[in-house]
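Architecture and fold: a report
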Amino acid sequence: MKNFIENLPKAELHLHIEGSFEPELMFKIAKRNAIKIPFNSIKEIQDAYQFNCLQDFLDIYYQGAQVLITEQDFYDLTFSYLKKCDAQNVRHTEIMFDPQTHTERGVKFATVIAGITKAQKDAKIQFGITSLLIMSYLRHLSEKDAFKTLEESLPYKNQITCVGLDSSEKGNPPSKFKNVFKKSVEVGYIPVAHAGEEGNAGYIWEALDILNIKRIDHGNNCLQDTTLIKKIIKQDLALTICPLSNTALQVVKNLKEHPLKKMLDLGLKVTINSDDPAFFGGQVNQNYIEIQKALNLTKEDLYTLAKNSFQYSFLDKITKEKYLNELETYYKKNK
Ligand code: ADE
Ligand code: ZN
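Residues numbered from 1 in each chain as written. Chains lettered and ligands numbered in written order. Predicted model: local features only at pLDDT ≥ 70, side-chain atom pairs only at ≥ 80, totals over all residues. Heavy atoms only, no water.

**Details of the coordination of the zinc ion (ligand 2)**
Basically, it comes down to this: Here a donor is any nitrogen, oxygen or sulfur atom (N, O, S) within 2.8 Å of the metal, with 3.2 Å used for Na, K and Ca; water is not among the atoms considered, so some sites may look incomplete. For a four-donor site, all angles between 85 and 135 degrees give tetrahedral; for four or six donors, opposite pairs above 155 degrees with the remaining angles between 65 and 115 give square planar or octahedral; all remaining cases count as irregular. In DSSP terms, a helix is any run of H or I states spanning at least four residues, a strand is any run of E spanning at least two, and both are numbered starting from the N terminus. When accessible area is computed with a 1.4 Å probe and restricted to protein chains, residues below 20% of their type maximum are described as buried, those above 50% as exposed, and intermediate ones as partly exposed.
Within the protein, the zinc ion (ligand 2) binds to His14 (NE2), His16 (NE2), His194 (NE2) and Asp275 (OD); these donor distances fall in the range 2.0 to 2.3 Å. Between the four donor atoms coordinating the zinc ion (ligand 2), the angles at the centre fall across 84 to 174°, so the site counts as irregular. The sequence pattern describing where the donors of the zinc ion (ligand 2) fall on their chain is H-x1-H-x177-H-x80-D. Remark: His194 occurs in strand 6 (residues 193-195) and His16 occurs in strand 1 (residues 10-16); sequence separation between them is 178 residues. You can call His16 buried: its relative accessible area is 4%.

**Quick notes on the packing of helix 10 (residues 201-209) against helix 11 (residues 226-234)**
Condition: The axes used here are C-alpha line fits, helices contributing only the stretch in contact, and every angle between their N-to-C directions lies in the interval 0 to 180 degrees. Take the far helix as the reference: if the near one is turned anticlockwise from it by less than a right angle, the crossing is left-handed, and if turned clockwise, right-handed. The contact definition used throughout considers only heavy atoms, calling two residues in contact when any of these lie within 4.5 Å.
At a minimum axis separation of 11 Å, helix 10 and helix 11 run at an interaxial angle of 30°. For the crossing formed where helix 10 meets helix 11, the hand is left-handed. When helix 10 is examined against helix 11, the residues Ala201, Ile204, Trp205, Leu208 and Asp209 are found in contact with a partner set consisting of Thr227, Leu228, Lys231 and Ile232.

**Some details on the sheet that holds strand 2 (residues 90-97)**
Which entries qualify depends on this criterion: Here a strand pair is declared whenever DSSP counts at least two bridges between the two strands.
In space, the five strands of this open sheet follow the order 1-2-3-4-5, with parallel pairing throughout. Only two strands of the sheet have a single neighbouring strand rather than two, namely strand 1 and strand 5 (190-191). Where strand 1 meets strand 2, five bridges bridge the pair, whose relative direction is parallel. What sits directly across from Ala11, in strand 2, is His92. Strands in contact with helix 5 (residues 71-87) are strand 1 and strand 2; relative to strand 2, the strand with the most contacts, it is inclined by about 150°.

**Notes on the pattern of salt bridges**
To be explicit about the condition: A pair is scored as a salt bridge if a Lys or Arg side-chain nitrogen falls within 4 Å of a carboxyl oxygen belonging to Asp or Glu.
Here the structure, examined in full by the defined rule, presents 12 salt bridges. Among the ionic pairs, Arg32 bridges to Asp73, the shortest N-O distance being 2.7 Å. Linking Arg32 in helix 2 (residues 23-32) with Asp73 in helix 5, this pair joins segments that are 41 residues apart in sequence. Taking the relative accessible area as the measure of exposure, Arg32 reaches 38% and is therefore partly exposed. Two residues, Asp301 and Lys261, come together in a salt bridge whose shortest N-O distance is 3.3 Å. Pair noted here: Asp301 is in helix 16 (residues 299-311) and Lys261 is in helix 13 (residues 260-266), with a separation of 40 residues, a long-range link. The exposure class of Lys261 is partly exposed, given its relative accessible area of 26%. Shared partners join several salt bridges into a network, and the residues in it are Arg32, Asp73 and Asp76.

**Topic: the site of ligand 1**
What counts is decided by this rule: One heavy atom within 4 Å of a molecule or strand makes the whole residue count as near it. The term polar contact refers here to a pair of N or O atoms within 3.5 Å; inside protein, the definition further demands a hydrogen-donor-capable atom paired with an acceptor-capable atom, and it admits residues adjacent in sequence only when both atoms are side-chain atoms. Note on areas: these come from Shrake-Rupley sampling with a 1.4 Å probe, and a residue is covered only by the protein chains present in the view. Grid points spaced at 1 Å and placed over the protein atoms alone form the basis of the search, with a cavity being a set where a 1.4 Å probe fits but cannot get out and a pocket an open set showing protein on both sides within 12 Å along at least five of seven lines. Lining residues have an atom within 4 Å of a point. More than half of a molecule's atoms lying within 2 Å of a cavity's or pocket's grid points is what places that molecule inside it. Three categories are distinguished: nonpolar for Ala, Val, Leu, Ile, Met, Phe, Trp, Tyr, Cys and Pro, charged for Asp, Glu, Lys and Arg, and polar for the others, with Gly belonging to the last.
The environment of ligand 1 is formed by His16, Leu54, Phe57, Leu58, Tyr61, Asp166, Ser167, His194, Glu197, His218, Asp275 and Asp276. Here a nitrogen atom of ligand 1 sits 2.8 Å away from a polar atom, N or O, in the main chain of Ser167. Measuring from a nitrogen atom of ligand 1, one finds a side-chain N or O atom of Glu197 at 2.7 Å. In isolation ligand 1 offers 260 Å² of accessible surface; the protein chains occlude 100% of this area. One can see that ligand 1 is located within the largest cavity. Looking at the shell around ligand 1, the element that brings in the most residues is helix 4 (residues 54-65), giving four residues. For the shell around ligand 1, a count of residues per class yields four nonpolar, four polar and four charged.

**A short note on empty space enclosed by the protein**
Our working rule: Grid points are joined across faces, edges and corners, and a volume is the space filled by probe spheres set on the points.
Using the criterion set out here, one finds two cavities of 30 Å³ or more in the structure. Put simply, the largest cavity is a space of about 100 Å³. Lining the largest cavity are 15 residues, and of these His16, Leu54, Phe57, Leu58 and His194 sit closest to its centre. For the lining of the largest cavity, the element with the most residues is helix 4, which contributes five residues. Its residues assigned to classes, the lining of the largest cavity shows six nonpolar, four polar and five charged. As a volume, the second largest cavity reaches approximately 40 Å³. Contributing to the lining of the second largest cavity are Met26, Ile37, Pro38, Phe39, Tyr49, Ile60, Gln63 and Gly64. With three residues, the top contributor of residues to the lining of the second largest cavity is helix 4. Among the residues making up the lining of the second largest cavity, the classes are represented as six nonpolar, two polar and no charged.

**Some points on the sheet that holds strand 7 (residues 216-218)**
A sheet is described by the order of its strands in space; here four strands give the open sequence 6-7-8-9, paired in parallel fashion. Both outer strands of the open sheet, strand 6 and strand 9 (269-272), are each paired with one neighbouring strand and no more. Across this sheet, the average inter-strand angle for adjacent strands is 35°, counted without regard to direction. Pairing of strand 6 with strand 7 involves three bridges; the strand directions are parallel. The residue of strand 7 that forms the bridge with Ala193 is Ile216.

So, in structure tokens, the structure goes:
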């Protein structure tokens, strides 16, 4: 099975580039920029990665991102992630980035986007990996702040496909961002949002009805509400599920109790993703490997999950078909 997963062509649809920041690279960049971080060794960083909830994690995640200053830093961060994609047969990835984490510290939007997009271009040339960007608004900040970010993004509109919503969910419902999402859609961005990770099903209702999202990040708590499940299926919206993130943040007690198989059986369009791989103990393949083992998933289940990852990506139809054909050929040969 491990071999089958490792060679399976797949897409990743839920990945925070700041969450792919490995301790080794963090140290290197901190040193390069002469920035002090509150850790003396890679081991100390790894030991700090014990979380009781989303906020515990976010506090450390934002701290690590503080060392990113120059275009080269954002390039190195992104290229390092894309190299890992190549090694895992991730053929396409939809990368979230949090501009406000950087612009709040005085880093220019232009610097962030230049580093990331240069790495995307190089990875396309060197590895043939396609990728697109999801600009995520931080929900613990105000809607006014999100509007400022939207404004700053406009000169780079052609390099950004989606807007997203992340950070501390509880107490920051999707409705808080109603107007900025409306405007974001008007300028051409596709809306997605984290919903129902720690927040209840009501947050998912709001994300669907008020933000009109086209894909649900996490969405675990849709299982609280059968009417909502029916609506998600009817609207043909996919969920980007992140198994190792769910156990690390105690959204799910352990992988054996993860609802992924139940979701598939209900007819929900589920995908597997890593969320913040440097913090949660594994890249996307590790997520596939561990959830397969815990839930005894079949090769057919894994094929469905990989198929969903391409099907529910925001790729153009022709590229999507190309990947789906590649996947089908692989499955027929290896099932
Ligand atoms: N930012 C990075 N990872 C996140 C997650 N899992 N939930 C909310 N915001 C995030
Ligand atoms: Zn996330």
